[in-house]
Amino acid sequence: MNNEQKMAVNAIRVLCADAIQKAKSGHPGLPLGCAAVAYELWANHMKHNPKDPEWFNRDRFILSGGHGSTLLYSLLHLFGYGLTKEDMMQFRQLGSLTPGHPEYRHTVGVEATTGPLGAGMGMAVGMAMAEAHLAEKFNKEGYPVVDHYTFVLGGDGCMMEGISSEAFSLAGTLKLNKLIVLYDSNKISIEGSTDIAFRENTQQRLESYGFQTIVVEDGNDLDAIGKAIEDAKAEKEKPSFIIVKTQIGYGAPGKMGTAAAHGEPLGDETIAAMKDFLGWPSQEPFYVPDEVYAHYKKIAESKVSDEEAWNKLFAEYCEKFPDMKKAWDDEFNLDIAKDLINCDEYWEVSEKADATRNSSGIAINRLKKYVPGMIGGSADLAPSNKTYMKDEGDFSTESKIGRNLHFGVREFAMSAIANGIALSGLRPFIATFFVFSDYTKPMARLAALMKLPVTYVFTHDSIGVGEDGPTHEPIEHLAMFRALPNFNMFRPADLSETLAAWYCAITSKETPTAMALSRQNLPQIGDAKKALRGAYVIADSEKETPDAIIIATGSEVSLALDAKALLKEEGVDVRVVSMPCMEVFEAQDAEYKESVLPNNIRKRVAVEALSGFGWEKYVGLDGKILAMEGFGASAPYSKLFPYFGFTKEHIAELVKSIL
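Structure report, in brief.

Calculation rules
Residues numbered from 1 in each chain as written. Predicted model: local features only at pLDDT ≥ 70, side-chain atom pairs only at ≥ 80, totals over all residues. Heavy atoms only, no water. Pairing = 2+ DSSP bridges. Helix = DSSP H or I, 4+ residues; strand = E, 2+ residues; numbered from the N terminus. Axes fitted to C-alpha atoms, helices over the stretch in contact; angles between N-to-C directions. Contact = heavy atoms within 4.5 Å. Buried < 20%, exposed > 50% of the residue type's maximum accessible area, 1.4 Å probe, protein only. Core = buried A, V, L, I, M, F, W, Y, C linked by side-chain atoms within 4.5 Å. Salt bridge = Lys/Arg side-chain N within 4 Å of Asp/Glu carboxyl O.

1. Some thoughts on the sheet that holds strand β16 (residues 574-578)
And step 1. Here we have five strands laid out as an open sheet, ordered β14-β16-β15-β17-β18, and mixed in their pairing. Two strands bound the open sheet, and with one partner strand each, they are β14 (536-539) and β18 (624-628). Between one strand axis and the next, the sheet turns by 25 degrees as a mean value, whatever way the strands run.
And step 2. Inspection of the sheet shows β14 paired to β16 by three bridges, in the antiparallel sense. Residue pairing across strands places Val-537 opposite Val-577, the latter belonging to β16.
And step 3. Against the sheet, helix α26 (residues 648-658) engages β15 (548-552), β16, β17 (604-611) and β18, with an angle of about 150 degrees to β18.

2. Side note on the side chain of Ser-611
And step 1. Along the polypeptide, Ser-611 turns up in strand β17.
And step 2. The class of Ser-611 is buried, set by a relative accessible area of 18%.

3. Regarding the sheet that holds strand β7 (residues 240-245)
And step 1. Spatial strand order, β1-β2-β3-β7-β6: five strands in an open sheet with parallel pairing. At either margin of the open sheet sits one strand with a lone partner, and together these are β1 (60-63) and β6 (212-216). Averaged over all neighbouring strand pairs, the angle between strand axes comes to 20 degrees, with direction disregarded.
And step 2. Where helix α5 (residues 119-138) meets the sheet, its contacts fall on β1, β2 (150-155) and β3 (179-185), and the angle it forms with β2 comes to roughly 170 degrees.

4. Some points on the nonpolar core
And step 1. Within the largest apolar cluster, 81 residues are counted, with the highest numbers of intra-cluster contacts made by Leu-176 and Leu-179.
And step 2. Among the elements that line this core, the one with the most residues is α5, at 13 residues.
And step 3. Not counting residues within four places of it along the chain, the set of residues in contact with Leu-176 comprises Val-125, Ala-128, Met-129, Ala-132, Ala-171, Lys-238, Pro-239, Phe-395 and Lys-400.
And step 4. Ala-363, Cys-504, Ala-535 and Tyr-536 belong to the second largest nonpolar core, which has 77 residues in total.

5. Describing the pattern of salt bridges
And step 1. Throughout the structure, instances matching the rule amount to 30 salt bridges.
And step 2. The partner of Arg-519 in a salt bridge is Glu-467, with the nearest N and O atoms 3.7 Å apart. Taken together, the residues span a long stretch of sequence, with Arg-519 in the loop between β13 (513-517) and α20 (528-531) and Glu-467 in the loop between β11 (455-459) and α18 (477-482) at a distance of 52 residues.
And step 3. Where Glu-608 meets Arg-482, a salt bridge forms, and the shortest distance between an N and an O atom there is 2.8 Å. In this pair, Glu-608 sits in strand β17 while Arg-482 sits in helix α18, placing the two residues 126 residues apart along the sequence. By the burial criterion, Glu-608 is buried, and Arg-482 matches it.
And step 4. A cluster of three or more residues bridged by salt bridges with shared partners is formed by Glu-542, Lys-564, Lys-568 and Asp-573.

6. Digging into the pairing of β3
And step 1. Among the seven residues that make up β3, seven are buried, leaving the element largely enclosed by the rest of the structure.
And step 2. Going residue by residue along β3, you find Leu-179, Val-181, Tyr-183 and Ser-185 tucked away on one face and Ile-180, Leu-182 and Asp-184 tucked away on the opposite face as well.
And step 3. In this sheet, β3 lies alongside β2 in parallel orientation, the contact comprising six bridges. In the strand pairing of β3, Leu-153 is matched with Leu-182.
And step 4. Pairing between β3 and β7: six bridges, direction parallel. Looking at the pairing, Ile-180 lines up with Ser-240 of β7.

Written out as C-alpha cells, the structure reads:
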C-alpha cells in the first residue's frame, strides 16, 4: 500500500486504540487486525453514500464480531456519517452514540445490532435472501433496481457458534451469490490459541456448504484483499467466503498476536509504542492529520455518484412501469394492513371448533393478498404449523420470487434470518413448535432490541401436545417471552382472538409478536375486536360486583367459562376474563384496565396450562394460580388435562377456596 493508504488504515487503528483506552474497556484486537480489510472494502468495493445512509440500493455491511465496534465507529467517523471525534471519545459511556456493541436505530450507519457471536452471520443471510427475492420480483431488463451485496465480517468465535453453520448451510443451498463473508482468521480467542477448541478446516467446511472460498494470506495486503472481494463479486452461482489471515492487535508491540490484545485496553505505554511502530505523526490521543480526513472525504464524495445513477435509473423505471412503482410502494408500506380493521372478510369467523394453529393458517392466507411484503415459513414444520401461503410459490435455489420460505431444521438461524429480512424492509414471519422456541430466543431478543416487527408462530402450545410427551410440551416458554421488553406474546383462545393477534402483529412497526397456538380443537367463544386490547371480559357476572374473577388464556378460556356455569349453579357469580396478551393489556389506559380487573375485586384465579410464573401480578396475595408445576407427560391431551387438574370442577373448587 502507498503512504496515503497506510495513513488511512492506521487512522482506524489509532482511533480504535485511543477510544478503548479512554473508556478503560473494549476490544482492540479485531479492529487493529482488520483495519486494512475494512478500509479496502469501504473505500474501493462497497456501494454506500454517507450523505444518505439509508439509500435503498446501498451494499450492506454487518460487523458480526460486534465486540470490535470501534472498527465500525471509526469507519463511520472517517467517512463522514456524522459520528464525531467527540462521539469516539464517549465510547461505552452513558447516552453516547458509540455503545459497547453496535446498535441498530441508535447509531447512523449501523445496519444491525450485533454482539452475540454469529448473529450477524445469520442476519446477513437474511439480507441476502431479501435482496434476491426483491431482485427477482422487481427487476426488469435494463433496470436492475435491486442490485446490492451483503458483506459480513466476523472471526473465529462467529465460526464456532452453531448459528453460522445453520445459516451458511442454507445460504450455500440457496446459492446466495450476493452474500460475501469476510472471515478474520487470527487463530486467537479469549482463552488463547484457537487450537485448544477449534481445529477444523473452515475452508473445506464452507466449500461443503456450497461456497466459493478465497484465501488472503496477509491481512494487510490491500491489493490481495481487493482482488478477493472482486473475485467474490464475479461469482454468480455461489456465496463467497474470504479467509483473511490477520494478526490480532496488529501494531501493538508485545500484545499483537496474543490473547492479551483481544478484550482489554492496550495501556498508554503500548499505545505509544504502537504509534511509533505504525509511524504515526503524533502521540496525542485521537489525533488524525488533516490530509487523512481529506483522503476519506474525497472517497466519500466519489460514492455519491452511485446513488445518483441509481436514482436516475429508478425514476425511469417508475415512469416506464407505473404498475411496478405501485407494487414497490406497497411492498415497503408498513401501514398497508391498518385498514383491515374495517374489513369484514378478514374478521369473518365460523362456529366450528378448530385448533388455533389452523386459525393462524386462515389468518395468514387472508393477509397475504393485503400485505405483499409478507414473507415467511417454518423450520421444516409448515404442514404442522399451518404457515404455508397458498398459490404464492416457494423461495428456492431455482427461484427466489416465492413467498414461502423453507428453513430446514434450523430454528436458530431461521430467527436471525428473519431479522435480516425485516432489516431489509419486508414483513417476515417464522414458525416452529413452541417447545423449540428456545432455539429462537436469542435472535427474538435482538429483534425486540432492534424494534423489528418480526412475527413468530409457535404451535403445539401446551400439555395439549399430548402423546409426544414432556420433551415436546412447552411449560416455561410463555413466561420466557413475556419477560422480554418490547415483545408481544399472544395466546389466543379461538379464531377471533387469533385474527386479532395477527392484526396486531402485521400492523406493528417496532414490536415483535409471537403467538402460542393449540394443536387441539377449541370452541369459538371470543370477540376479535375486544381481544385487540389484550384482555377483556368474555363473560360477566350478573352482580354489579362479581364474587370473583377467573382469568385464562388459550385453551383454558373455555374451561373457565364451563367453571363459571358450574359455580353459578352453586350460587357463586364470577367474571371470566380472557387475556390473550398481557403486554397489549398493560399498554391500555388505566380506566380500561380497571374496568376489566377492578382493584376492589381481589378474589382471583388464573388458569393456564403452562408455568404459572408471572401470574402473581394479576391474582395478588388473595388469589390462586392453576398452572403446570412439572414437565407434563405422554398421553392423549384429553387425559392430561384432568390429570394435571385442568377441569371445570377443579377451577370451581379453587374459586370457592378463596371466597
